[in-house]
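The primary structure of each chain is shown beneath.
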Amino acid sequence: MGERQVGENSEVTAAGIARLAGVGRAAVSNWRRRYENFPRPVGGTETSPTFSLPEIERWLRDQGKLAEVPVRERLWQLVESDREGPSDALGRAGEQLLARGASAPPEAGPFAAATATLAAELGPAGAYEFLLGRHLDAAARQLTLTPPETAALMAAIAGPADSVLDPACGPCTLLAAARAHADGSWPVELYGQETDHALARLGGLRLALRGTATVHIRAGDSLLADAFPRLSVDAVLCHPPFNERHWGHDELTYDPRWEYGLPARAESELAWVQHALAKLRPGGTAVLLMPPAAASRRTGRRVRATLLRRGALRAVIALPAGAAPPHALPLHLWVLRRPDTEAGATPNPRLLVVDTATAHRAHGRTGLDWPALRHTVLDAWHDFDRAGDLPERPGVHRALPVIDLLDDEVDLAPARHLPPPAQTSGTAALAALHRELTATLRRGQDLAPGTPPATAAAPGPHWSTVTIGELARAGALELHLTTAAGDPPPPARPGDVLVPLVDGERQTRVVGDDEGGTVPDRHTGLLRPDPEALNPWFLAGFLRGTANTRQASSYASSATRVDIRRLRVPRLPLATQRRYGRRFAELAAFETALRRAGELGRRLTQGTIDGLTEGTLPPGD
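### Remarks on the overall build of the protein chain
Turning to step 1, where the next piece is worked out: Scanning the protein chain from N- to C-terminus turns up 19 helices and 20 strands.
Turning to step 2, where the next piece is worked out: Expressed as a percentage of the 621 residues in the protein chain, the buried residues total 46%.

### Describing the environment of A315
Turning to step 1, where the next piece is worked out: Note that A315 resides in strand β9 (residues 313-318).
Turning to step 2, where the next piece is worked out: Accessibility expressed as a relative area gives 0% for A315, which makes it buried.
Turning to step 3, where the next piece is worked out: Along the primary structure A315 and V353 are separated by 38 residues, whereas in three dimensions their C-alpha atoms are 5.7 Å apart.
Turning to step 4, where the next piece is worked out: The contacts of A315, once residues within four sequence positions are left out, are L333, W334, V335, L351, L352 and W381.

### Concerning the sheet that holds strand β2 (residues 43-44)
Turning to step 1, where the next piece is worked out: Strand order in this open sheet of three strands is β1-β3-β2, and the pairing throughout is antiparallel. Among the strands making up the open sheet, the edge pair consists of β1 (11-13) and β2.
Turning to step 2, where the next piece is worked out: Examined bridge by bridge, β1 and strand β3 (residues 49-52) share three bridges and lie antiparallel to one another. Paired with T13 across the bridge in β3 is T50.

### Comments concerning the confidence of the model for the protein chain
Turning to step 1, where the next piece is worked out: Looking at the protein chain, pLDDT values average 85 and 88% of them are 70 or higher.
Turning to step 2, where the next piece is worked out: Scored below 50 in pLDDT, residues 1-7 makes 21 contacts in the model with residues more than four places away or belonging to other chains.
Turning to step 3, where the next piece is worked out: Note that pLDDT drops below 50 for residues 361-366; the model gives that stretch five contacts with residues more than four away or on any other chain.

### Notes on the environment of A432
Turning to step 1, where the next piece is worked out: On the secondary structure map, A432 appears in helix α15 (residues 427-447).
Turning to step 2, where the next piece is worked out: In this structure A432 comes out as partly exposed when scored by relative accessible area, which is 34%.
Turning to step 3, where the next piece is worked out: Taking the C-alpha atoms as reference points, A432 and L604, 172 residues apart in sequence, are found 9.5 Å from one another.

### Quick notes on the pattern of salt bridges
Turning to step 1, where the next piece is worked out: For the coordinates displayed, the defined rule picks out 29 salt bridges.
Turning to step 2, where the next piece is worked out: The shortest N-O distance in the salt bridge between E599 and R603 comes to 3.8 Å. With E599 and R603 both in helix α19 (residues 574-614) and four residues apart, this pair spans about one turn of that helix.
Turning to step 3, where the next piece is worked out: In this structure, a network of salt bridges that share partners links the residues D82, D88, R92, E95 and R201.

### Looking at the packing of aromatic side chains
Turning to step 1, where the next piece is worked out: This structure, assessed with the given rule, holds 13 aromatic pairs.
Turning to step 2, where the next piece is worked out: Taken together, the ring pairs in this structure connect W31, Y35, F38, F51 and W59 into an aromatic cluster.
Turning to step 3, where the next piece is worked out: Lying over the aromatic face of F130, R72 brings its terminal NZ or CZ to 5.1 Å of the ring centre.
Turning to step 4, where the next piece is worked out: Seen from the ring of F111, R92 lies directly overhead, with NZ or CZ sitting 5.3 Å from the centre.

### A word on the nonpolar core
Generally speaking, nonpolar side chains in soluble globular proteins are found buried as a group.
Turning to step 1, where the next piece is worked out: Membership of the largest hydrophobic core comes to 46 residues, with the highest contact counts inside it found for L153, I157, L237 and L333.
Turning to step 2, where the next piece is worked out: Every residue in contact with I157, bar those within four places of it in the chain, is listed here: V287, I317, L333, V335, V377, L378 and W381.
Turning to step 3, where the next piece is worked out: Of all hydrophobic cores here, the second largest spans 42 residues; its members include A168, L231, V236 and L307.

### Let's talk about the packing of helix α1 (residues 14-21) against helix α2 (residues 25-34)
Turning to step 1, where the next piece is worked out: In the contact formed by α1 and α2, the axes pass within 8 Å of each other and the chain directions differ by 105 degrees. It follows from the interaxial angle that α1 and α2 lie roughly perpendicular. Between α1 and α2, the residues in contact are A14, A15, I17, A18 and A21 and R25, V28 and W31, respectively.
Turning to step 2, where the next piece is worked out: For the contact of α1 with α2, the class distribution of residues is seven nonpolar, no polar and one charged.

### Focus on the pairing of strand β7 (residues 233-238)
Turning to step 1, where the next piece is worked out: By the criterion of burial, β7 is predominantly enclosed, with five of the six residues buried.
Turning to step 2, where the next piece is worked out: Here two bridges tie strand β4 (residues 163-166) to β7, and the two strands are oriented parallel to one another. Opposite L165, over in β7, you have V236 as the bridge partner.
Turning to step 3, where the next piece is worked out: By the bridge criterion, five bridges tie β7 to strand β8 (residues 280-290) in an arrangement that is parallel.

### Thoughts on the sheet that holds strand β17 (residues 524-529)
Turning to step 1, where the next piece is worked out: With antiparallel pairing, the four strands of this open sheet are ordered in space as β14-β17-β15-β16. Edge positions in the open sheet fall to β14 (477-480) and β16 (509-510), since each of these has one partner strand only.
Turning to step 2, where the next piece is worked out: Bridge analysis of strand β15 (residues 497-500) against β17 gives four bridges, and the strand direction is antiparallel. Opposite L498, over in β17, you have L526 as the bridge partner.

### As for the state of the cysteines
Turning to step 1, where the next piece is worked out: Under the counting rule described, the total for this entry stands at zero disulfides.
Turning to step 2, where the next piece is worked out: Just so you know, C238 is unpaired, no disulfide at all, and the nearest cysteine sulfur is the one on C169, 9.3 Å from it.
Turning to step 3, where the next piece is worked out: Judged by its relative accessible area of 1%, C238 falls in the buried class.

### Thoughts on the side chain of D82
Turning to step 1, where the next piece is worked out: Among the structural elements, D82 can be located in the loop between α4 (71-80) and α5 (86-100).
Turning to step 2, where the next piece is worked out: A polar atom in the side chain of D82 sits 3.0 Å from the side chain of R92.

### Some points on unusual backbone geometry
Turning to step 1, where the next piece is worked out: Note the cis peptide between P325 and P326, where omega equals -5 degrees.
Turning to step 2, where the next piece is worked out: By secondary structure assignment, the location of P326 is in the loop between β9 and β10 (332-337).
Turning to step 3, where the next piece is worked out: Even without glycine at this site, N243 takes up a positive phi of about 55 degrees.
Turning to step 4, where the next piece is worked out: You can see N243 is positioned in the loop between β7 and α11 (268-278).

### Structural notes on the packing of helix α8 (residues 148-158) against helix α9 (residues 173-181)
Helices that pack against each other are described as a pair by the angle of their axes relative to one another and the distance between those axes.
Turning to step 1, where the next piece is worked out: At their nearest, the axes of α8 and α9 sit 8 Å apart, and the two run at 55 degrees to each other. One element, α8, and the other, α9, form an angle in the oblique class. The crossing of α8 and α9 is right-handed. Residues P148, A151, A152, M154, A155 and A156 of α8 form the contact with α9, whose participating residues are T173, L174, A177, A178 and H181.
Turning to step 2, where the next piece is worked out: Among the residues making up the contact of α8 with α9, the classes are represented as nine nonpolar, two polar and no charged.

Basis of the calculations
Residues numbered from 1 in each chain as written. Predicted model: local features only at pLDDT ≥ 70, side-chain atom pairs only at ≥ 80, totals over all residues. Heavy atoms only, no water. Helix = DSSP H or I, 4+ residues; strand = E, 2+ residues; numbered from the N terminus. Buried < 20%, exposed > 50% of the residue type's maximum accessible area, 1.4 Å probe, protein only. Contact = heavy atoms within 4.5 Å. Pairing = 2+ DSSP bridges. pLDDT = per-residue confidence, 0-100. Salt bridge = Lys/Arg side-chain N within 4 Å of Asp/Glu carboxyl O. Phe/Tyr/Trp six-rings, centres within 6.5 Å; stacked < 30°, edge-to-face > 60°. Lys NZ or Arg CZ within 6 Å of the ring centre and 35° of its normal. Core = buried A, V, L, I, M, F, W, Y, C linked by side-chain atoms within 4.5 Å. Axes fitted to C-alpha atoms, helices over the stretch in contact; angles between N-to-C directions. Parallel < 35°, antiparallel > 145°, perpendicular 65-115°, else oblique. Nonpolar A, V, L, I, M, F, W, Y, C, P; charged D, E, K, R; others polar. Disulfide = S-S within 2.5 Å. Polar contact = N/O pair within 3.5 Å; in protein donor to acceptor, adjacent residues only side chain to side chain. Left-handed = near helix turned anticlockwise from the far one by under 90°.

Here it is as structure tokens:
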């Protein structure tokens, strides 16, 4: 099929107009009411109209609201508004990048030209990753996506492998993580199957553009129509669909894959577990992301018991809530190994259970500390895998004799088999918590901002401001973001400023003296100010301003995203910056004290409840 002239026929939504102009959607609605010459809708519905992209661009330029459309935004608008749909347009872009890289003939049209231009800026793989990331963000509600941090952890548990299969591969995030984890000198074979034909196409292009691996991606249902019936691989990584009722129970009753027992109709996840084991070579490793109910549902106890008896199930690892969708559940990782019976290997007599969710709760973490989580999981797994046993760490990990698990329930939930961490319900522990809480409350009171003077409201100063993008170009600061290819910013240093790029609970903050080395995640920007030009506390404080964040925000799917380059700060002398910086630092210390007090209050309350219910504390008079 020849290249279509996409640009002149492309349409854009009000949200797309807002992204192009760097404003909120309310501003676009205001323009439509105020300006008689605002372009008329050309499609869509009355409540969600679409507009001609070329007409919108001309109008924005004429009004001085659009100096230049960044190539990545223009290309994304062409993809998003394509008449064949974003998936088809993204597929064509990937095929062009694979065939021609950063080149395109002059007659190819605006879509191909924009694709080639972005490839020249980011590289073919980087350009495609940017477009695919935007597409997946927009479709997040319809898809169940594995976060890259979880995918990297699963690949690290499985270890480097010559051949890897993901039988429910989606956009191939797990396979990409497996390739990244492998030794670059190994000829890796990547196999994937996905029921969504469009997603299979996009995932295959993603891997092909990364190169250095042989890629085999097929469309179809792995359980009902296995595309690789005679395949045996070194590793299987899988984030299977959960709670499927129509996975093929009746059609597959006598399937040879069910050597550990026929999965119940409501246990589709145990069908995926056995499919993964059937695809492994003897001694191969599978890592599956599982719902927590799969470890304890009565309908699956016979399959779980057989997996344990034969040494196929090696570890169950509980992750904190938020590690992968559905984000409200603390999902589990099951680590399996196909028994090498021909070599005379004996089943492992123990099962490793790890509960990172409890460890995070015990430390009061409100977000996921991925470096600490990886360290906890990988240290425990590697030590257990080498020795077949592991010293117990209360509340975190334990190697259980399999015989102790083979009761009527065969309940494998890690938290039920781990002794609690350090007791917080004893009188001494509670007294220590009470003392710390009292001291923290006093500190918070000392740090509380004073009462503003009762004077008439005055208009704000008319500062001259400068954007973060302009400061970066001038060399006053360094701006680091996760690249389109997924490479993270450099490790943070004390004095750096971390800026969340997605609306949420996190706030812009200055990195403390004891926090160096933390690598920001893909939703965080890192600013490294020149201390001779910018005070970091001044910078962080002004970047947190509500009006500042609002004017730099755009909307995609259900999230509000901040364009860090459009955030502004006043042009002030360094001495004045430092005065503001001291005030912002005091407010940050007050906020930290409040947060710590809240955490201590929760721990003191729960510890007292536990002491009363466990009988270690008397109820008093």
